[in-house]
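Geometric and topological summary
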Amino acid sequence: MQPLIDHARSFGRRPEEFASLADGQSPQVLFITCSDSRVVPALITGARPGELFELRTAGNIVPPYVAGRPTSEAATVEYAVDVLGVSEIVVCGHSHCGAVGALVRGDDLTAVPAVRDWLAQAQRPSDAPGDDPTVAEAVQNHVLAQLLRLRGYPCVERGLTTGRLRLHGWYYEVHTGAVREHRAHTDTFEAL
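Everything in this summary refers to the structure shown in the same document. What you see is a predicted model, and the numbers here were worked out from it, not measured in a lab.

As a further point, take the overall build of the chain. Looking only at helices and strands, the chain has seven helices and six strands in total. For the chain, with 192 residues in total, the buried portion stands at 40%. Summing over all exposed atoms, the chain offers an accessible surface of approximately 10,700 Å²; the carbon and sulfur share of this is 54%. Across the chain, 17 positive and 23 negative side-chain charges occur, with their mean positions spaced 3 Å apart.

A few words now on the sheet that holds strand S2 (residues 52–57). Taken together, the six strands give an open sheet; going across it, the order is S2-S1-S3-S4-S5-S6, and neighbouring strands pair in mixed fashion. At either margin of the open sheet sits one strand with a lone partner, and together these are S2 and strand S6 (188–191). Strand-to-strand twist across the sheet, computed as the mean angle between neighbouring axes with direction ignored, equals 30°. Where strand S4 (residues 166–172) lies against strand S5 (residues 179–183), three bridges are found, and the strand directions are antiparallel. Pairing of Trp170 across the sheet is with Glu181, part of S5. Against the sheet, helix H3 (residues 72–83) makes contact with strand S1 (29–34), S2 and strand S3 (88–94), and its axis sits at roughly 165° relative to S2, the strand it touches most.

It is worth spelling out unusual backbone geometry at this point. Despite not being glycine, His96 shows a phi value in the positive range, around 55°. Although it is not a glycine, Val135 sits at a positive phi angle of roughly 45°. The residue Val135 is located in the loop between helix H5 (113–119) and helix H6 (136–150) in this model.

So, about the side chain of Gln140. Take Gln140: it is sitting in helix H6. Once you skip the residues sitting within four places of it in the chain, Gln140 turns out to touch Tyr171 and Phe189.

What the rule picks out here adds up to three aromatic pairs. Ring centres 5.8 Å apart and planes at 80° place the aromatic pair Phe31 and Trp170 in the edge-to-face group. Here Trp170 lies in strand S4 and Phe31 lies in strand S1, a separation of 139 residues in the sequence. By relative accessible area, which is 15% here, Trp170 ends up buried. When the centroid spacing of 5.9 Å and the interplanar angle of 35° are considered together, the rings of Phe53 and Tyr79 count as tilted. Pair noted here: Phe53 is in strand S2 and Tyr79 is in helix H3, with a separation of 26 residues, a long-range link.

A few words now on H6. Helix length check: H6, at 15 residues, gives a terminal C-alpha distance of 21 Å against a target of 21 Å (1.5 Å per residue), a fit within 8%. Inspection of H6 places Ala136, Ala138, Val139, Gln140, His142, Val143, Gln146, Leu147 and Leu150 among the buried residues, and these make up the whole buried set.

Scoring rules and cut-offs
Residues numbered from 1 in each chain as written. Predicted model: local features only at pLDDT ≥ 70, side-chain atom pairs only at ≥ 80, totals over all residues. Heavy atoms only, no water. Helix = DSSP H or I, 4+ residues; strand = E, 2+ residues; numbered from the N terminus. Buried < 20%, exposed > 50% of the residue type's maximum accessible area, 1.4 Å probe, protein only. Areas by Shrake-Rupley, 256 points an atom, 1.4 Å probe, with all protein chains shown as cover. Lys, Arg positive; Asp, Glu negative; His and termini not counted. Charge placed at Lys NZ, Arg CZ, Asp CG, Glu CD. Pairing = 2+ DSSP bridges. Axes fitted to C-alpha atoms, helices over the stretch in contact; angles between N-to-C directions. Contact = heavy atoms within 4.5 Å. Phe/Tyr/Trp six-rings, centres within 6.5 Å; stacked < 30°, edge-to-face > 60°. Expected span 1.5 Å × (residues − 1).

Here it is, written out as structure tokens:
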């Protein structure tokens, strides 16, 4: 913890670099990814403060939109699209994902009921090899499922219909740093 504290102390010694952030934010991208500590959106993209609006959930799960039942995730998506006016949404899954791995293996999660119930919102990836520690294929399919779910959010549907919003599916390899994007015309994840 001490190195983190030391960095936080020195970080605040450069107020001139951050003064303009007090005027507000205007990110162009909503970046939805896993809570995993190995996935750092600003590091992956090179974004500076104010350039990414982030939504991090266990397993980068986007829960289904249900009118009248607000969730933090739905509020974040709606705020990003309707208030901030983001023009791009990226759903980024990653290799070695514990959440997707648990789904693929059918792990017994009774000891962690909140995790079990959260993951129940995700579809268990079918035909994914259970012996692949990267769970690459399962994660990539999971990313596509989350993109499909996003299309059910009214604000996303409006943005896609008007052409002011685009969706992207990314797969990040924690062991190499490589990023792949889903290409609809080939239905494959290819290097950016």
